[in-house]
Amino acid sequence: MELPPPVYTLLPDTFPYRFEYSEQAKLLRDSSKFGERYWVMVYYPELKANVHITYKKIKRDNKLLKEFVTDATTLTSKHQVKAYAIDETITRTPSGKVAVIAEIEGEVPSQFQFTMTDSTDNFLRGALYFDTKVQNDSLKPAIDYVKKDLMHMINTLEWRRIN
């Protein structure tokens, strides 16, 4: 699999968050029946990979924050049935933001998930999926490629005020 060197572009400033994403990907609105205004998909057509980005406003409500964190944890843990391991790490970005990253090993539909929050106003979750039969051994180069892009996305995330 021949993968081009990464080149990044900035998310449009119509969102309450901003990050750089790969120029190999297309930014699409989430068209699912559950999709909300600031939910997007970062779609890699050549790799048949989707990164589902969901965003929630916390509104300085600790109950909402706890609910969003619990939901994200539940969604990740659903992969335990087929996962060999779920390695969860907490990392700090160069700008001081904190991300919780889950790398999921095994024949699972999502190999990489993350959450980021400022604990007061914003909560963002990302999850990588491939639109192919789950064969993660053969997908490993593509998974690793997109993981690097996702780490770049995480490291460039900024919260923005939208009126």
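For every chain, the first residue of its written sequence is number 1, and the numbers climb from 1 along that sequence. Reporting of local features is limited, given that this is a predicted model, to residues whose pLDDT is at least 70; pairs of side-chain atoms are given and counted only at 80 or more, and all residues count toward the totals for whole chains, interfaces and linings. Side-chain descriptors were evaluated using all non-hydrogen atoms of the structure, hydrogens and water having been removed beforehand.

Draft legend 1. View of the nonpolar core. Membership of the largest hydrophobic core comes to 32 residues, with the highest contact counts inside it found for Tyr 17, Tyr 44, Ile 53 and Phe 114. Put simply, the parts of the chain that give this core at least two residues each are strand 5 (40-44), strand 6 (49-57), strand 8 (98-106), strand 9 (112-117), strand 10 (122-130) and helix 2 (136-156). Considering each element in turn, this core owes the most residues, eight residues, to helix 2. Here, nonpolar core means buried Ala, Val, Leu, Ile, Met, Phe, Trp, Tyr and Cys residues that are tied together by side-chain atoms lying within 4.5 Å of each other. Only protein chains enter the accessibility calculation, which uses a 1.4 Å probe; a residue whose area is less than 20% of its type maximum is buried, one above 50% is exposed, and one in between is partly exposed. The next biggest cluster of nonpolar side chains, apart from the first, holds five residues, and it includes Leu 65, Phe 68, Ala 72 and Phe 123. Helix numbering and strand numbering both begin at the N terminus, where a helix is a DSSP run of H or I of at least 4 residues and a strand a DSSP run of E of at least 2.

Draft legend 2. Structural context of the packing of aromatic side chains. When two rings of Phe, Tyr or Trp (its six-membered ring) have centres within 6.5 Å they constitute a pair, described as stacked for plane angles under 30 degrees, edge-to-face for angles over 60, and tilted for the intermediate range. Enumeration according to the criterion identifies eight aromatic pairs in this entry. Centre to centre, the rings of Phe 15 and Tyr 17 are 5.5 Å apart; their planes meet at 45 degrees, and the pair counts as tilted. For Phe 15, a relative accessible area of 3% translates into the label buried. Three or more aromatic residues link up through ring pairs in this structure, and these residues are Phe 15, Tyr 17, Phe 19, Tyr 38, Tyr 55 and Trp 159.

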